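Below are the chains, spelled out letter by letter.
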Amino acid sequence: MVKAPILVPSLFVLSLFLLLPTTVFSHHEREDPQRQLQQCMQQCQESEHSQQPQCERRCVERYREQKKEQGSLGGEGDPISEKDPQQQYQECLGDCRQRRQEQRQCERRCKERYEEQESRGGGNLRRDTEQGEQGSENPYFFDEQKFNERVRTEGGFVKTAERFNKRSELLRGIENYRIGLMEVNPNSFVVPNHWDADAVFFVARGRGTVSLLREDDRETVDIRRGDILRIPAGTTFSIVNKENNEKLRIIKLFYPVAIPGRYKAYFGPGGRDPESFFRSFSPGIVAAAFSTPWDTLKDLFDRQDKGAIIKASQRQIQQIGRHSSEGAPWPFGRGSKQQEAFNLFNKRPTHSSNRGQLYETDSHDYEQLRELDIKVSYANITGGSMSAPFYNSKVTKLSFVVSGNGYFEMACPHLSTQSGGGGGRQQPETEQGQQEEGQEEQEGRVSYQKVRSRLSPNTMFVAPAGHPVVIVSSGRDNLELICFEVNAKGNQRYYLTGKNGIYNQMEDEEIELAFNQPAREPRQIFKRQEDSILVKGPEEREDEEGGRGPLESILDFTGF
């Protein structure tokens, strides 16, 4: 006789799940933390599949807290630090083989736990996900910690990624570019300033108004999600977010014109914070320039201390930029054609399928990009999908994650020949020259280092010209990236697999010589991928094919 299932309110089940690890530990406070960890993990196995990874993480976090309190975390016999993530992953897969009915689900949980440990840097394993050769930090990846905060007020913040040549000598080719992030809160105002750098804005979220001051004119440009706008070097501008509830997020590419790789903001209107540059001149000079007594000017340049991004009243916000240069009231005016923003999403995508979309624009669409020799693209990769492997002939691609999660993998021949792994250490010219000379001697034989890092919002990676790269969207949500492509003139993008894969153009004799086998089987493999540009990712393909064996999974994660 089959028993009818007992229906439990979902809220009660969720509450029980959240309390599970805490409950296990609270009832056994005097027991050994390792035993409590085992009991907690066992109870997690009884919870629903989707909840198990979160439950297990809570168990490990509680275990670590107890061990830290005892001062014994990482000591002899500690199961968390004694085994690195790869060893734990293999043992987990071994346990899965004993659960034949649930082997695929079990292997997936092992995989999720492994990736979670990798992202936290757990164990003693040299991580491919975050590092290059010999345990060095991945020089092509910028996490949130690599973005330095320049401004933070109640009105928003500004962050800038560290200089590329400071990150690694391998990035010297783009040393005169910088990537920044600006977030302006609702009803907030960015004080007028100018930069000693050309800048290209991409509006990732929200709406706003940019005002540009000329000698005899004022241009007002309304911006919204998807807009691209160039701010020429030396142009004084301000920004206002007139929305009541939505933040304005702008990703910025800078090209400094005074000092390579370095740029500064210059505030005329201001006071003590932001500091007005007029305060650095002699009082007599300022008084003569404004034809105004210094005592009056001192009061003018002494009051502002709220920072570069300021919260404003509704009245002030609505009055700012209410007239465009064409005389139309905001938001109908769009400024002059010279400073008109170009919306990337108004253009038909270069590629669109159930795997995602790729939007691209260059100087043919937006003339302002021509002088800077850059291209702007936006990739929206469906969860579970990935880009086909590709490389660019001339472009160095700077990809900033707007939303979603995933990872990228890239083949790099430079890291494999560097003893230091290509990290961010600056080297003396003599040492650098000797190293380059040594590398040239090794160029007769090419080897590659796999570069791999997990991607999450507000992280960035660099794919230099010639480097084959793959971008994978993991999880249910789409992975969205805004990409600035430097050195765009004359560039060609080459896809390596799929309908448009370049190897489909090889002749049989070329295939036989390259692969040292008859051409028939390699050619069949080349034609097997029916999609192009965006294709099924490894997880989706694994699900459809009924999963792979533990050995294949291990080989995949160890890079073989």
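Computed from a prediction, not measured in an experiment: that's the story for all the values here.

### Describing the overall build of the protein
Then step 1. A tally of regular secondary structure across the protein gives 15 helices and 27 strands.
Then step 2. Within the protein, buried positions represent 47% of all 560 residues.
Then step 3. For the protein, long-range pairs separated by at least 24 residues make up 74% of all intrachain contacts whose partners lie at least 6 apart in sequence.
Then step 4. As displayed, the protein has an accessible area near 29600 Å², and 47% of this comes from carbon and sulfur atoms.

### Topic: the sheet that holds strand E25 (residues 479-486)
Then step 1. Spatial strand order, E1-E23-E20-E25-E17-E16-E15: seven strands in an open sheet with antiparallel pairing. Looking at strand neighbours, the two that pair on one side only are strand E1 (141-142) and strand E15 (351-353), the edges of this open sheet.
Then step 2. As defined by bridge partners, strand E20 (residues 396-403) adjoins E25 across seven bridges and the pair is classed as antiparallel. Among the inter-strand pairings, threonine 396 is bridged to a residue of E25, identified as valine 486.

### Some remarks on the environment of leucine 37
Then step 1. By the element assignment, leucine 37 lies in helix H2 (residues 33-45).
Then step 2. Under the relative-accessibility criterion, leucine 37 is labelled buried at 6%.
Then step 3. Each C-alpha atom of the pair leucine 37 and arginine 58 lies 10.0 Å from the other, and the pair is 21 residues apart in sequence.

### Considering the pairing of strand E9 (residues 227-231)
Then step 1. In terms of burial, E9 is a largely internal element, five of the five residues being buried.
Then step 2. Burial of the side chains of E9 extends over both faces: Asp227, Leu229 and Ile231 are buried on one face and Ile228 and Arg230 on the other.
Then step 3. One ladder, built from two bridges, connects E9 with strand E14 (residues 342-343); its direction is antiparallel. The partner of aspartate 227 across the bridge, within E14, is asparagine 343.

### Some words on the sheet that holds E9
Then step 1. Taken together, seven strands build an open sheet; the order of strands is E2-E3-E4-E11-E6-E9-E14 and the sheet is antiparallel. Of all the strands in the sheet, just strand E2 (147-153) and E14 have a single pairing partner and so form its edges.
Then step 2. Sheet topology note: the E2/strand E3 (residues 156-161) ladder contains six bridges and is antiparallel. Note that in E3 the partner of glutamate 149 across the bridge is lysine 159.

### Things to note about a positive patch on the surface
Then step 1. Taken together, the side chains of Arg150, Lys166, Arg262 and Lys264 present a region of like positive charge at the surface.
Then step 2. Its location among the elements puts arginine 262 in the loop between strand E11 (248-256) and strand E12 (265-266).
Then step 3. The partly exposed category is assigned to arginine 262, whose relative accessible area is 43%.

### With respect to the pattern of salt bridges
Where side chains of opposite charge bring their charged atoms close, a pairing between them can arise.
Then step 1. On inspection of all chains with the given rule, the structure shows 25 salt bridges.
Then step 2. The network of salt bridges with common partners includes Glu360, Lys375, Lys397, Glu485 and Arg493.

### Re the packing of aromatic side chains
Then step 1. All told, the structure shown has 23 aromatic pairs when counted by the stated rule.
Then step 2. With a centroid separation of 5.2 Å and an interplanar angle of 35°, the aromatic rings of tyrosine 391 and tyrosine 494 are classed as tilted. Of this pair, tyrosine 391 sits in strand E19 (residues 390-392) while tyrosine 494 sits in strand E26 (residues 493-495); the two residues are 103 residues apart in sequence, bridging distant segments of the chain.
Then step 3. Members of the aromatic cluster, joined through ring pairs, are Trp195, Phe201, Phe237, Phe254 and Tyr263.
Then step 4. Above the plane of the ring of tyrosine 263 lies arginine 150, whose end atom (NZ or CZ) is 4.1 Å from the centre.
Then step 5. One cation-aromatic arrangement involves lysine 159 over phenylalanine 157; the distance from NZ or CZ to the ring centre is 5.2 Å.

### Section: the pairing of strand E6 (residues 197-205)
Then step 1. With respect to burial, E6 is a largely interior element, eight of its nine residues being buried.
Then step 2. Taken together, the eight bridges between E6 and E11 define a ladder with antiparallel strand orientation. For alanine 197, the partnering residue across the bridge sits in E11 and is proline 256.
Then step 3. Summarising the sheet, E6 and E9 pair through four bridges and their orientation is antiparallel. Looking at E9, one finds that valine 200 is bridged to arginine 230.

### Section: empty space enclosed by the protein
Then step 1. Per the stated rule, a full pass over the model turns up four cavities of 30 Å³ or more.
Then step 2. Size it by volume and the largest cavity reaches roughly 140 Å³.
Then step 3. Residue lining of the largest cavity: 15 residues in total, with Leu358, Ala379, Ser387, Phe390 and Tyr495 positioned closest to the centre.
Then step 4. Of all the secondary-structure elements, those providing two or more residues to the lining of the largest cavity are strand E16 (356-361), strand E17 (374-381) and E26.
Then step 5. Its residues assigned to classes, the lining of the largest cavity comprises nine nonpolar, three polar and three charged.

### Overview of the side chain of lysine 242
Then step 1. Tracing the backbone through its elements, the reader meets lysine 242 in the loop between strand E10 (236-241) and E11.
Then step 2. A polar contact of 2.7 Å, which involves the side chain of lysine 242, links it to the backbone oxygen of isoleucine 320.

### Considering helix H13 (residues 520-528)
Then step 1. Turning to H13, its buried residues number three or more, namely Pro522, Arg523 and Phe526. Summarising the axial view, the buried residues of H13 lie within an arc of 100°, below the 170-degree limit, and thus occupy one face. Projecting away from the buried face of H13 at angles above 90 degrees are the exposed residues Arg520 and Arg528.
Then step 2. Here the buried face of H13 lies against helix H12 (508-515).

### Focus on the environment of serine 353
Then step 1. Along the chain, the position of serine 353 falls in strand E15.
Then step 2. Here serine 353 falls in the partly exposed class, since its relative accessible area comes to 26%.

### Thoughts on the nonpolar core
Then step 1. In terms of nonpolar packing, the biggest core is built from 85 residues, with Phe164, Ile179 and Leu481 touching the most fellow members.
Then step 2. Among the elements that make up this core, the one with the highest residue count is E6 (seven residues).
Then step 3. Setting aside residues no more than four positions away along its own chain, leucine 481 makes contact with Ser377, Tyr378, Ala379, Ile381, Ser399, Phe400, Val401, Val402, Leu455, Phe461 and Ile471.
Then step 4. Counting residues in each nonpolar core, the second largest holds eight residues, with Leu37, Met41, Cys55 and Tyr63 among its members.

### Some details on unusual backbone geometry
Then step 1. The linkage connecting aspartate 273 with the following residue, proline 274, adopts the cis geometry, with an omega of 0°.
Then step 2. Inspection of the secondary structure assignment puts proline 274 in the loop between E12 and helix H8 (283-290).
Then step 3. One non-glycine residue, asparagine 516, lies in positive phi territory at about 55°.
Then step 4. Relative to the helices and strands, asparagine 516 is located in the loop between H12 and H13.

Reading the values: rules and limits
Residues numbered from 1 in each chain as written. Predicted model: local features only at pLDDT ≥ 70, side-chain atom pairs only at ≥ 80, totals over all residues. Heavy atoms only, no water. Helix = DSSP H or I, 4+ residues; strand = E, 2+ residues; numbered from the N terminus. Buried < 20%, exposed > 50% of the residue type's maximum accessible area, 1.4 Å probe, protein only. Contact = heavy atoms within 4.5 Å. Areas by Shrake-Rupley, 256 points an atom, 1.4 Å probe, with all protein chains shown as cover. Pairing = 2+ DSSP bridges. Patch = residues over 30% accessible without salt bridge, like charges linked within 9 Å, V, L, I, M, F, W, Y side chains within 5 Å. Salt bridge = Lys/Arg side-chain N within 4 Å of Asp/Glu carboxyl O. Lys, Arg positive; Asp, Glu negative; His and termini not counted. Charge placed at Lys NZ, Arg CZ, Asp CG, Glu CD. Phe/Tyr/Trp six-rings, centres within 6.5 Å; stacked < 30°, edge-to-face > 60°. Lys NZ or Arg CZ within 6 Å of the ring centre and 35° of its normal. 1 Å grid on protein atoms, 1.4 Å probe; cavity = no way out; pocket = protein on both sides within 12 Å on 5 of 7 lines; lining within 4 Å. Points joined across faces, edges and corners; volume = space filled by probe spheres on them. Nonpolar A, V, L, I, M, F, W, Y, C, P; charged D, E, K, R; others polar. Polar contact = N/O pair within 3.5 Å; in protein donor to acceptor, adjacent residues only side chain to side chain. Arc of directions from axis to C-beta. Core = buried A, V, L, I, M, F, W, Y, C linked by side-chain atoms within 4.5 Å.

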